[in-house]
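# Summary of structural features
Chain residues, written in single-letter form:
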Amino acid sequence: MILKRTSLSRRKVLRGAGATLALPLLEAMHVSSMAKSSNVIKPPVRAGFFYIPNGVVQTGWHPKDTGPGYELSPTLEPIRPIKDEVTLFTKLDRVKVAGTDGHAQAGACWLSSAAPDELSPAGYPLKKTIDQIMAEHTGQVTAFRSLELSCNPYEDNRESVYFDNISWYGHGHVARSLRDPKKVFNRLFGIKQHLESGSILDLVMDDAKSLNHSLGKTDKGKLGEYMDSVRTVEQQIERVTKRQEDINKLKLAEPVKPWQAMTRDEFIQVMGDLMILAFRTDLTRVATIMSSPERWGSPLKVQGLFEKPVDHHGMTHGQGNHHVRSKLAALDHFHIQQFASLVMKMKDIKEGEGTLLDSMMFTLGSGISNGRLHVYTDLPTLVAGRAGGALEPGSHIKSPKGTPIANLWLSMINAMGLKKGSLGDSTGKLKIS
Amino acid sequence: MFFRSYMRLSFVLLIFPFLVAMVLADTVFDFHEIRGRKAKVSNLSLPQVVVKGSTIEHLGTDHDGFYSITFDPVPGATGIELDWANEGGYKHWTIREIEAYAKFGTKLDIVAGKVVPGPARTSDKAFANAFDGDDETFTYTTQSGTTVAPQRTLLELGPGSNTIDRIRINDVAGNGDNGRMQKITVRITTDTDKDLATRKYFDTTNLSVQIFGEALMEGETLPMNGRSRPQSMSGYGDQWSSDTHLLWDGLIGDSMETTIMIDNSSEYNFHIQLTKARDYGQFDLYLNGKAIAKKIDLYSPSVSLADAINLSGLKMEKGQHKVSFKLVGKNIKATPYQKNRYLLGLDFIKIVNMRPPAKESKADLTDISPPQTKDHAATTESKLLVPSQLKVSLDEVLPILASRCYSCHGDNDKVKGKVDLKAVSTREGFLKDIELTQKIIDVLTFKEMPPEDEKQLTPQEHLMLSSLFRGYLDHYIKASGTLKPTVMRRMNRYEYNNSVRDLLQLNGDVYPLPEKVIRSSSYFKPSSGSFPKSIRISNRALGKNQIEQHILTGVSPFAIDLQSEHGFNNRGDELSVSPIMVEAFLKLGRSIVNAPEFDGYSNLINSIFFEPPNSELITRAQLELHLSKFIEKAFRKPIIPDVMERYVNYLDGELKNGQSFEQSMKKVITAIISSPRFFYISEQKNGKLKSQPLSAYELATRLSFFFWSSIPDDELLSVARDRSILDPKVYASQVKRLLESPKSKSIAENFARQWLRLDQLITAVPDFDRFQIYYSRIGCEQWKFGLQTMIEPLLLFESIMVEDRSIMLLVDSNYSYRTDEMQSWYNDPLPFGKRQNANRFSTNSQTFTRRTLPSRREGGVITSAATLTMTSEPLRTSPIRRGAWVATVIFNKPPPPPPDDIPEIEQDDAEIEKKGITLRQRLVAHQENESCVSCHKKIDPLGFALENFDAIGRWRDTYNSGLEIDASGEIFGERKFNDVIGLKDTLIKNPQWFMRSFIEHMLSYALGRELDINDKPSVDKILSKVMADKGKFSTVVTEITKSYPFMNKTNQSE
């Protein structure tokens, strides 16, 4: 099934999930935090990350040529309408650290700011992920520091936390994602629930402080995570309260359809819509979406694409066979299509003198390039948007062999307004404009 | 009760027989026969013992016991002094034998001893031989009022300097009329001064004492022939040991037979307790075919215990012995049972070794001492599980390594599996890389190395290598000895549900939990000891996930916490609290008490808790009193004034704002259950000591989360509050109570489900066209009929738990719980005839019935359809996934992750078979690469053994194409089997494999952390007890709760 792009597609999809949307515009929201010059609002830069697991079929992914006029590969075909808004990066690598599961590391460490030799106790080169580094900065003004979303459709308990999360506050401290669009909606727009929570925050914080001195070192760290989270929530409540009026104006209704009953494309699009809404209302400027968790060898229905449930991970192992490979490429194509739909929606949203997409850095990628070989070199990476001018999209940028993806992350962090000279194993900033 | 009957045996002292208890060695027991809660702990007369400094005080009124006294190791010890005291008025006491687990494992040699007060010698001759270490029992008679008199000098420790940290006193006793041991003071010396009077002693530190019980074989646990079955005797009084005896009936001339194992040749006393009643017969008792008692008449007009049969001086050799009761006649007054049959009831057999052999100088024949960690009391028992060891040095072993190992692991830069043995050629090197050492022991134990096609080690070489490396490992554990610390963890959503349910006294769950696969619970009555034959249950696997269901309006759970890669979802390092979790806890706390249904759902509402204090002006003191119990329960800690004050202030504030008392109390509840003190499970760990016992409250909390996944209840809190939980007797009775509470169902729901990884069945999608019978159309929807197989292993687990059977039934059970439809689905080539794919079952609830299984290819968790389906691909089986599951779940040896580049195999076995080869042949052909073979050789046979089961777990004699199935294989190099029954046989013959794995899984669950090498001695110890009890479920959980890692915590390093 291919979603038709119409100017109303976002409304349709949200309605499919039960939400109606009164098309709020950034201008309509009197956001004190935004820079205003005369009558024109300069929209802030936002970063979104869209994760696809298990890598991609390499032969279907790579275009033959580079530069601005490159010819799209079959898998990338869905970005044709927005080709000028998207940058394709190739030959960016991560260093795989032996000793832990290759898939868990691919997902959990995709955005990690750790160098390969900085290992957490669990053995992963995992520390604060770049979305959280950005969020620390942008979260000083937005109601929500960041938004972590997952379209993980599996109801079993097959894999560990490392397969199911790409965003981390630090090692061992996961920025847990939400799977239920209703919960996401209520978190963003359910003012009442935030206000009610506020009253006992001091109490629980005092309880935490008094608990602290009886704890050992590791436990103190754990409680520290909790106290940080309480402070974040405290701030959130304060800021959501300030935005109360704006938010009430939106008159949004929560999605009706349960996520368990959604088709794959519905689920991903609804989550994407919620992310877009959060950006448009400037409730947050950083978000991550996992389109699916890493590995998770359980068969899954992808409506409109395959007749029978498919095991994405299993297929990556069978891609030596051309039948399997073509099915796998179709699944890659599907994911790109989902990404492209969201990019098109961003492009349709007017903001200031341009569109939402102009202020975006919306990155699609995987922490593994080839699911059969389990290698982390030449990671599939697409970035849509112009980051308020920091990005000059439309090209295929092929880096020299051995370029760490940390170079791209470093450039993106700087595009968000942070001044950072290095990150993990970065060797310099990647030229993105 | 055992103790009562024992008292009638006159004042013969019962000595702990050195493991005369059933010892398994190579004997295969029928685990199906094991049944009945042995309640071993309650049988013991555990005296109250308190440790004060270097002194152990015995406050109870019991007369005897076996003490294992441990203390911090004293390097260089040359002697030990034990200062004895008994109560003034008593006249009579005995110490039988003392041994120490010192470096050389020799018998302890007492340097000095005192009897205080006393002794007044009535027999100089006896006194002259006191403590001389021979096997006689000495009795000292004392008079009160005699002044302190130093005991005489006795023996010395063995040559060289020793590291003593443990003494075992095998019997300190008196009798009903006479004395008892009251006090032991332990001092150690490193002084070698010959003049004992001038020797200096110092006090031991960290003294603790463990008390052992009697060895007793319950009739109902003995392997028995013919028509025997356990019978509960609780209806006839409480005098039967464990309230149960073994009942047998037969015709005159028939015999009931059993075997017992003796592991030390010696002279024994037998004490046999039988039952008498009006339909009981007359029996001759035979030992190994020789009559040892004639015409024991068990007739009695009423049901009661028969006089104890005491037989002394029976010389018995090490090994198996046959005990039989031959029905030889009947009392003239006896009435037959069933026409012409007569009964026998065996309560217990107790065997006492009257001449315990001198302890052999044992084990430490390696160049390193054997394990002497604090938790290693049961060395004698453990020895049985550990192959014998040789004295061997690294120098002797190096040539073997060089000739047999280096060619792949060290020579010419060849380091297969990244193991370079040549690089680690010193003792220090092996101690430093202890993981490597453990790996070497494993590959030797399981005969994985050298590879099959290489020249094998001779038995002598094998023994030398394993002796050396075991010695290293033991030494490492001893030297390190620090347990891995647990990490403070928040409750997962299952635990949060149970805790809130119990704290707020709710009638049921807080929110629907998919974790509760079986939705019914009323049938689960562990205290009854019997599990229903037929159970009607509803389950979530079939009911449509209850997507939108609420129990309390507006209350929904947070997302499930995922399991650790090889563990459970209760590990602190993976349970963090992000802002979203803070929000979730705040929202839950609020929405629960404010749900419209709350008032009718919580029994707290009508309790005094919601009644305002009865006075006009409510004082802070009243509020404090009002809240204290609730806060103590919620936070599982003694009340801390500043915490109390916070909540009183909060309540006071709400009241002053004009809120009603009830409304204000609800707000306080919200705050309390939103507090980190509620949803974090933490232990105080800021002390300086590395390891220390848990506090009373911490121990209570660990217990309740292990058994109930919930907070302690009022009774458990009260024994924490008065610290009596630290008394082993009280502790044991609480453990028993928790296990017998219906709330212990969480062990099945939370532990068993995760251990078996059963959740994976939910997403299994057998191909619809190929496996139509997995599905069933109901109305216009296709349901997964096969999902109900998920219930089967859970009910098996629960029945083992409730009936206290052997955990070996999880490997091979002769019964199972199935619905009629499932039974047909398993067994009929075309289940349900024409009704193949429509309305085959009710989606609301199903009736599961206990069925005796006709074939051993069925039964147990490995061959359950749930397991077999969830480890298959949609269109074929996956021997590798199945093998990996067996390796992980059954052996707790998860295979390493596969290499990066693995060749693909067709996803449909029809495609493979078209080429005339089987899946097995296809897989084997793919593993030509040596690096693949070394791992797959271990994993695959476990999966190939299950090839007779198709991708949805149904039996097949051949593949669809008619190709033959080859299910043969071998485990650990040498144990060959032909099919799945052979695999089960191998597991049953080596019960220690599965038992160890199960203990490790469960201990890890109980502790909320991963185990490491330092837990090994504790696991060994639990295993030896579980082996001796043939795998009884209650022994597993009870021994876990008594283990060192469970009762202690380790401070986190700064």
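Not measured: the values here are computed from a predicted model. (Residues numbered from 1 in each chain as written. Chains lettered and ligands numbered in written order. Predicted model: local features only at pLDDT ≥ 70, side-chain atom pairs only at ≥ 80, totals over all residues. Heavy atoms only, no water.)

Once that is clear, we can look at the overall build of chain B. Each helix and strand counted, chain B has 31 helices and 36 strands in total. Taking all 1054 residues of chain B together, 61% fall into the buried category. Partitioning the intrachain contacts of chain B with sequence separation of at least 6 by distance along the chain shows that 78% fall at a separation of at least 24. Within the structure as shown, chain B displays about 40400 Å² of accessible surface, and the carbon and sulfur contribution to it stands at 51%. (Helix = DSSP H or I, 4+ residues; strand = E, 2+ residues; numbered from the N terminus. Buried < 20%, exposed > 50% of the residue type's maximum accessible area, 1.4 Å probe, protein only. Contact = heavy atoms within 4.5 Å. Areas by Shrake-Rupley, 256 points an atom, 1.4 Å probe, with all protein chains shown as cover.)

Let us now look at the overall build of chain A. Helix and strand counts for chain A come out as 13 helices and 13 strands. A burial count over chain A gives 65% of its 433 residues as buried. Within chain A, contacts between residues separated by at least 24 positions form 73% of all contacts whose residues are at least 6 apart in sequence. Carbon and sulfur atoms form 53% of the exposed surface of chain A, whose accessible area is close to 15000 Å².

This paragraph deals with the pattern of salt bridges. All names here are of chain B. Enumeration over the complete set of coordinates arrives at 78 salt bridges over all chains. Ionic pairing is found between Glu749 and Lys745, a salt bridge with its closest N-O pair at 3.4 Å. Here Glu749 pairs with Lys745, and both are found in helix H19 (residues 745–755), just four residues apart, close to one helical turn. Of the two residues examined, Glu749 and Lys745, each falls in the buried class. (Salt bridge = Lys/Arg side-chain N within 4 Å of Asp/Glu carboxyl O.)

Residue and element names in this part refer to chain B. Positive phi, close to 50°, is recorded for Asn288, a residue that is not glycine. Here Asn288 is to be found in the loop between strand S20 (282–287) and strand S21 (290–297). The residue Arg757 is not glycine, and still its phi comes out positive at about 60°. Residue position: Arg757 is located in the loop between H19 and strand S30 (775–778). The buried category is assigned to Arg757, whose relative accessible area is 12%.

Residue and element names in this part refer to chain B. Look at helix H26 (residues 930–944): 19 Å from first C-alpha to last across 15 residues, which is about the 21 Å you get at 1.5 Å a residue. Considering bend angle alone, the principal kink of H26 is centred on His936 and spans about 50°. Listed in full, the buried residues belonging to H26 are Cys932, His936, Ile939, Asp940, Pro941, Leu942, Gly943 and Phe944. In this structure, the buried residues of H26 make contact with helix H23 (879–890), helix H25 (919–926), strand S34 (969–971), strand S35 (975–977) and helix H27 (980–989). (Expected span 1.5 Å × (residues − 1). Bend = angle between axes of the 7 residues up to and from the residue.)

This part is about the packing of helix H7 (residues 201–212) of chain A against helix H13 (residues 641–656) of chain B. Between H7 of chain A and H13 of chain B, whose axes approach to 10 Å, the crossing angle comes to 175°. Classified by the angle between their axes, H7 of chain A and H13 of chain B sit roughly antiparallel to one another. Where H7 of chain A approaches H13 of chain B, its residues Leu203, Asp206, Asp207 and Ser210 of chain A are matched on the opposing element by Asp642, Val643, Arg646, Tyr647 and Tyr650 of chain B. (Axes fitted to C-alpha atoms, helices over the stretch in contact; angles between N-to-C directions. Parallel < 35°, antiparallel > 145°, perpendicular 65-115°, else oblique.)

All right, on to a negative patch on the surface then. Taken together, the side chains of Asp433, Glu435, Asp573, Glu1010 and Asp1012 of chain B define an acidic patch exposed on the protein surface. With respect to the element layout, Glu435 of chain B can be found in helix H7 (residues 434–445). (Patch = residues over 30% accessible without salt bridge, like charges linked within 9 Å, V, L, I, M, F, W, Y side chains within 5 Å. Lys, Arg positive; Asp, Glu negative; His and termini not counted. Charge placed at Lys NZ, Arg CZ, Asp CG, Glu CD.)

Summarising the element assignment, Ile184 of chain B is placed in strand S12 (residues 181–189). With 133 residues separating them in the primary sequence, Ile184 of chain B and Val51 of chain B have C-alpha atoms 9.6 Å apart.

What follows is about the sheet that holds strand S32 (residues 815–818) of chain B. Residues and elements named next belong to chain B. The sheet built from three strands is open, its strands ordered S27-S33-S32 with antiparallel pairing. Single-partner strands in this sheet number two, and they are strand S27 (534–537) and S32. Ignoring which end each strand starts from, the neighbouring axes of this sheet average 20° apart. As paired strands, S32 and strand S33 (residues 846–852) are joined by four bridges and run antiparallel to one another. Bridge pairing in S33 links Tyr817 to Arg850. Helix H20 (residues 791–802) rests against S27, S32 and S33 of the sheet, and its axis sits at about 130° to S32. The sheet strands contacting helix H21 (residues 820–827) are S32 and S33, and the helix crosses S32 at an angle near 120°. (Pairing = 2+ DSSP bridges.)

Looking now at the interface of chain B and chain A. Facing the 71 residues of chain B at the interface are 71 residues of chain A. Of the roughly 6100 Å² buried between chain B and chain A, counting both surfaces, carbon and sulfur atoms make up 53%. Our count for the chain B to chain A interface comes out at eight salt bridges. For Arg176 of chain A, the salt bridge goes to Asp561 of chain B, with nearest N and O atoms at 2.6 Å. Applying the counting rule to chain B against chain A returns 26 residue pairs in polar contact (both at pLDDT 80 or more). Within the residue set of the side of chain B that touches chain A, elements represented by two or more residues are helix H10 (579–594), H13, helix H14 (661–674) and helix H15 (676–679) of chain B. No other element matches the eight residues that H10 of chain B contributes to the side of chain B that touches chain A. Counted by class, the side of chain B that touches chain A contains 29 nonpolar, 18 polar and 24 charged residues. (Buried area = accessible area lost by both parts, 1.4 Å probe. Polar contact = N/O pair within 3.5 Å; in protein donor to acceptor, adjacent residues only side chain to side chain. Nonpolar A, V, L, I, M, F, W, Y, C, P; charged D, E, K, R; others polar.)

Our focus in this paragraph is the nonpolar core. Soluble globular proteins: nonpolar side chains tend toward being buried together. Of all hydrophobic cores here, the largest spans 109 residues; its most connected members are Phe797, Phe998 and Phe1033 of chain B. The biggest single contributor to this core is helix H28 (residues 991–1007) of chain B, with 10 residues. (Core = buried A, V, L, I, M, F, W, Y, C linked by side-chain atoms within 4.5 Å.)

Residues and elements named next belong to chain A. The strand order across the open sheet built from seven strands is S5-S8-S3-S11-S12-S4-S13, with neighbouring strands paired in mixed fashion. Strand pairing shows two members of the sheet lacking a second neighbour, strand S5 (147–150) and strand S13 (396–404), which therefore form its edges. Pairs of neighbouring strands in the sheet enclose a mean axial angle of 15°, with direction left out of account. Sheet topology places strand S11 (residues 360–365) next to strand S12 (residues 381–384); four bridges connect them, and they run antiparallel. Residue pairing across strands places Thr363 opposite Val383, the latter belonging to S12. Where helix H4 (residues 130–138) meets the sheet, it contacts strand S3 (46–51), S5, strand S8 (286–290) and S11, and its direction lies at approximately 155° from that of S8. Sitting on the sheet, helix H12 (residues 322–348) touches S3, S11 and S12, and the angle it makes with S11 is about 175°.

This paragraph deals with the packing of aromatic side chains. Residue and element names in this part refer to chain B. Tallied over the full model, the rule gives 50 aromatic pairs over all chains. Ring geometry for Phe751 and Trp755: centres 6.1 Å apart, planes at 5°, overall stacked. Here Trp755 and Phe751 lie together in helix H19, a separation of four residues that amounts to about one turn. Like Trp755, Phe751 is buried. In this structure an aromatic cluster arises from ring pairing among Phe568, Phe706, Phe707, Phe751, Trp755, Phe797, Phe994, Phe998, Tyr1005, Phe1033 and Phe1046. Lying over the aromatic face of Trp708, Lys743 brings its terminal NZ or CZ to 3.9 Å of the ring centre. (Phe/Tyr/Trp six-rings, centres within 6.5 Å; stacked < 30°, edge-to-face > 60°. Lys NZ or Arg CZ within 6 Å of the ring centre and 35° of its normal.)

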